[in-house]
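Below, each chain spelled out in residue letters.
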Amino acid sequence: YGHLWTYFARQDVLLPYPLRCGGYQSQLVDTVMWFSSGGTKSVLHQDDVDNINCLFSGSKELHFIEYPKYKKRVHMDHGVNGYSSVDTDRVDLLKYPGFKAIEFHFVRMEAGDCLYIPYKWYHQVRSYDRNIAVNVWWEPLIEFNETDCVYPDDVGLPTIDKYRFQVLDKSNDEEETAPVSDLRDYFRDFMKEDVAMTYDELLGKMQKVET
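Let me begin by describing the structure that accompanies this report. Residue numbers restart at each chain and count upward from 1, following the sequence in its written direction. This being a predicted model, a pLDDT of at least 70 is required before a residue's local features are given, and a value of 80 or more before pairs of side-chain atoms are given or counted; all residues contribute to the totals for chains, interfaces and linings. Computation of side-chain values: all heavy atoms of the structure, hydrogens and water removed.

A look at the pattern of salt bridges
Salt bridge, as applied in this entry: a Lys or Arg side-chain nitrogen positioned within 4 Å of an Asp or Glu carboxyl oxygen. Throughout the structure, instances matching the rule amount to seven salt bridges. In this structure, Arg90 and Asp87 form a salt bridge, with 3.8 Å as the shortest nitrogen-oxygen distance. We classify Arg90 as exposed; its relative accessible area is 64%. Note on exposure labels: buried denotes an accessible area under 20% of the residue type's maximum, exposed denotes more than 50%, and partly exposed covers the range between, all computed with a 1.4 Å probe on protein chains only. By relative accessible area, which is 27% here, Asp87 ends up partly exposed. The salt bridge involving Asp89 is made with Arg126; its shortest N-O contact spans 2.2 Å. With Asp89 in the loop between strand 5 (83-84) and strand 6 (105-110) and Arg126 in strand 8 (residues 122-138), this residue pair connects regions lying 37 residues apart in the sequence. Residue Asp89 is classed as partly exposed on the basis of its relative accessible area, which comes to 38%. A run of DSSP states H or I qualifies as a helix once it reaches four residues; a run of E qualifies as a strand once it reaches two. Both are numbered from the N-terminal end.

Listed below in structure tokens is the structure:
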């Protein structure tokens, strides 16, 4: 996962409709693409911002714990990083006795679904099959202003590249990296060569660069 995807995919991903007006446009913090071959499982963690996860491929299962109701019962043994070592599939009640009285919420996502994850709610994510998803994080909004929630027909598609994200734009400014219009252009510049190569040859060259 990471911000590299912004160079060649931000123009292809729509900002979720609920975030396009009402003041949310100025609250956007970050957006990240996640991808895997499936079979992955996150730790139980929480975010200090509101969050929407949109799934483009594969499926996901999520366990949720309501933050306001159970914040005194969830033991975050990695509190600095905002996560717990508890296994939500097999909770060790001797090590985590507070979980004995906790109610879990369960959600299954399929490709095409977008899921709202409330501010600070604890969640653990499991991914299946080829998995591609995009997260959008934003600061909680105190008051919703609906006056700008009407869009003229000529605005164009509200893709993510048309909005400013605090972390993302700061990262881009610090790196002084110019966007590239095509994935092939990016890798051609990365390899400093303009030659055809197989996928295995590309992986080999990337491994040499890393070492």
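Structural notes on the environment of Leu62
With respect to the helices, strands and loops of the structure, Leu62 is situated in strand 4 (residues 50-65). With 45 residues separating them in the primary sequence, Leu62 and Val107 have C-alpha atoms 5.2 Å apart. The criterion used for residue contact is that any of the two residues' heavy atoms lie within 4.5 Å. Non-local contacts of Leu62, meaning those with residues more than four positions away in its chain, are made with His105, Phe106, Val107, Met109, Leu115, Ile117, Gln124 and Val125.

Section: the environment of Glu143
Considering the arrangement of structural elements, one finds Glu143 in the loop between strand 8 and helix 2 (166-175). Using a relative accessible area of 66% as the deciding quantity, one classes Glu143 as exposed. Considering only alpha carbons, one finds Glu143 and Tyr24, 119 residues apart in sequence, at a separation of 9.8 Å.

A short note on the state of the cysteines
In this description, a disulfide is simply a cysteine sulfur pair whose atoms lie within 2.5 Å. Within the structure shown, the criterion is met by two disulfides. Sulfur-sulfur distance for the disulfide between Cys54 and Cys114 comes to 2.1 Å. On the S-S bond that ties Cys54 to Cys114, the torsion sits near 110 degrees, and the link is right-handed. Residue Cys54 is found in strand 4, and its partner Cys114 is found in strand 7 (residues 114-117); the two are separated by 60 residues along the sequence. Cys54 sits in the buried class, given a relative accessible area of 10%. For the protein chain, the disulfide bridges join cysteines in the arrangement 1-4, 2-3, where the cysteines are counted in sequence order.

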